[in-house]
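# Chain and residue survey
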Amino acid sequence: MASASLLKSSPVLDKSEWVKGQSLRQPSVSYVRCHPTSPSALNVRASSYADELVKTAKSIASPGRGILAMDESNATCGKRLASIGLENTEANRQAYRTLLVSAPGLGQYISGAILFEETLYQSTVDGKKIVDVLVGQNIIPGIKVDKGLVPLAGSNDESWCQGLDGLASRSAAYYQQGARFAKWRTVVSIPNGPSALAVKEAAWGLARYAAISQDNGLVPIVEPEILLDGDHGIERTFEVAQKVWAEVFFYLAENNVFFEGILLKPSMVTPGAECKDRATPAQVADYTLKLLHRRIPPAVPGIMFLSGGQSEVEATLNLNAMNQGPNPWHVSFSYARALQNTCLKKWGGRPENVKEAQEALLLRAKNNSLAQLGKYTGDGESEEAKKELFVKGYVY
Ligand code: 13P
């Protein structure tokens, strides 16, 4: 597979080079962007990692592949483990993450894995570095860099996302440890407004994070999640999403973020979780693609959707519907719940179930790979995979 060989042979992603890290930096002089009318104000030096960012983003956005989001904070991972009766210990988190990253052949469908900081520095139960296992599977390691949501003073009970302080030095250390992309998830709540203040804060935070990530060799995944919470219809989600993405791209441009070296992680445009009128995959695809066409420049290499509480099957069907015709960007997945749910249930914390659990993960990864190519049929799915995974006020 072309993408797999790129990962193996590219000097950018050669593991022996990763440890040296900074030796991969390239001279920045060739990336000076000028504006003909007012050169002094608008001369901007792009990231010295520009070529590498493009290569990383393109490898992640390669045909038939998407991202496995396994970056649950320890608290959220604890909730997942509690759902199968396990304690939230480091050993249990390690056992679960070992199961995920070592599923045989996962790299055929998965191009990148987002890790929580603990996992970036963690080993598998048999002592191999998790980062090395991923690279061996042709999967690029990524890292969640935001520090979570806190109340936004002066808003209508909305939140903002922390994590900019010290982000440059943390990002440089994550790069040294083998991460090549980053994720920052902020949220926008429709029932709580969204207020102009909350949207602006979300967009500005994402843009600052994206600029800092690129400066340190990490491809930023830009994720303003528009929460499913609420009883609003699909039109209202569409209206809010247009506003949010307009603002996000305004600030990305203002912060001189290099669009060829980013990935986006939007919510699909759907009705609120409590809305009586449900939308078909064709309707979700129509609204979501209309939003993307209006707001996202074709320079952006990949759109990697979050699942946001949809069932595993619903998230796959909706992705498949969006890939029924050509798109200017790679339209794919970066799911957590919609890849992991059945796998976690099958495992149940029992070593004898590891193989069956890995098969469940591989089945979801394969079906989403087919959906990325527009070839998923929906046949043979289990009842578990059809269960809605929405949780009110979900935190990550
Ligand atoms: P879900 O696919 O569970 O919504 O996860 C979103 C996310 O941000 C994970 O990185």
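The model shown is predicted, which means the values in this text are computed figures rather than measured ones.

The next point concerns the overall build of the chain. Summing up its helical and strand segments, the chain has 15 helices and twelve strands in all. The proportion of buried residues among the 396 residues of the chain is 49%. The contacts in the chain between residues at least 6 apart in sequence include a share of 79% that link residues at least 24 apart.

A few words on the sheet that holds strand 5 (residues 140–144). Pairing between the strands of a sheet comes from backbone hydrogen bonds, and it takes one of two forms, parallel or antiparallel. One closed barrel holds the eight strands; their spatial order is 3-4-5-8-9-10-11-12, and the pairing between them is parallel. Two strands pair when backbone bridges link them, and strand 11 (residues 302–305) and strand 12 (residues 330–335) are joined in this way by four bridges, in the parallel orientation. Across the sheet, the residue bridging to M304 is S332, located in strand 12.

Attention shifts here to the site of the ligand. By nearness alone, 14 residues border the ligand, and A69, L306, S307, A336 and R337 come closest of all. Those elements that place two or more of their residues in the shell around the ligand are strand 8 (181–188) and helix 14 (337–347). Tallied by class, the residues present in the shell around the ligand amount to seven nonpolar, two polar and five charged.

To continue, consider helix 12 (residues 281–295). Taking 1.5 Å of rise per residue, 15 residues should cover 21 Å, and helix 12 covers 21 Å from first to last C-alpha, within 8% of that figure. Buried within helix 12 are the following residues: P281, V284, A285, Y287, T288, L291 and L292. Its buried side turned inward, helix 12 meets helix 11 (234–254), strand 11 and helix 13 (312–322).

Here we take up the packing of helix 14 against helix 15 (residues 354–372). One can describe the packing of helix 14 onto helix 15 by two numbers: an axis separation of 8 Å at closest approach and a directional angle of 165°. With respect to their mutual orientation, helix 14 and helix 15 come out roughly antiparallel. When you trace helix 14 past helix 15, the crossing you get is right-handed. On helix 15, the residues that touch L339, T342, C343, K346 and W347 of helix 14 are V354, E356, A357, A360, L361, R364 and A365. Of the residues contributing to the contact of helix 14 with helix 15, the split by class is eight nonpolar, one polar and three charged.

Structurally, L227 can be placed in the loop between strand 9 (219–226) and helix 11. For the pair formed by L227 and V188, sequence separation is 39 residues and the distance between their alpha carbons is 6.2 Å. Once you skip the residues sitting within four places of it in the chain, L227 turns out to touch V187, V188, S189 and I190.

Bringing the packing of helix 12 against helix 13 into the picture now. Axes are the key here: two packed helices are described by the angle between their axes and the distance separating the axes. Orientation of helix 12 relative to helix 13, taken along the N-to-C sense of each, is 55°, at an axis distance of 8 Å. Regarding the angle of helix 12 to helix 13, the classification is oblique. Pair helix 12 / helix 13 crosses with right-handed handedness. Facing helix 12, whose interface residues are P281, A282, V284, A285, T288 and L289, helix 13 presents L317, N318, A321 and M322. Considered class by class, the residues forming the contact of helix 12 with helix 13 number eight nonpolar, two polar and no charged.

Thresholds applied
Residues numbered from 1 in each chain as written. Predicted model: local features only at pLDDT ≥ 70, side-chain atom pairs only at ≥ 80, totals over all residues. Helix = DSSP H or I, 4+ residues; strand = E, 2+ residues; numbered from the N terminus. Buried ≥ 20, exposed ≤ 12 C-beta atoms within 10 Å, placed from the backbone. Contact = placed C-beta atoms within 7 Å. Pairing = 2+ DSSP bridges. Near = placed C-beta within 6 Å. Nonpolar A, V, L, I, M, F, W, Y, C, P; charged D, E, K, R; others polar. Expected span 1.5 Å × (residues − 1). Axes fitted to C-alpha atoms, helices over the stretch in contact; angles between N-to-C directions. Parallel < 35°, antiparallel > 145°, perpendicular 65-115°, else oblique. Left-handed = near helix turned anticlockwise from the far one by under 90°.

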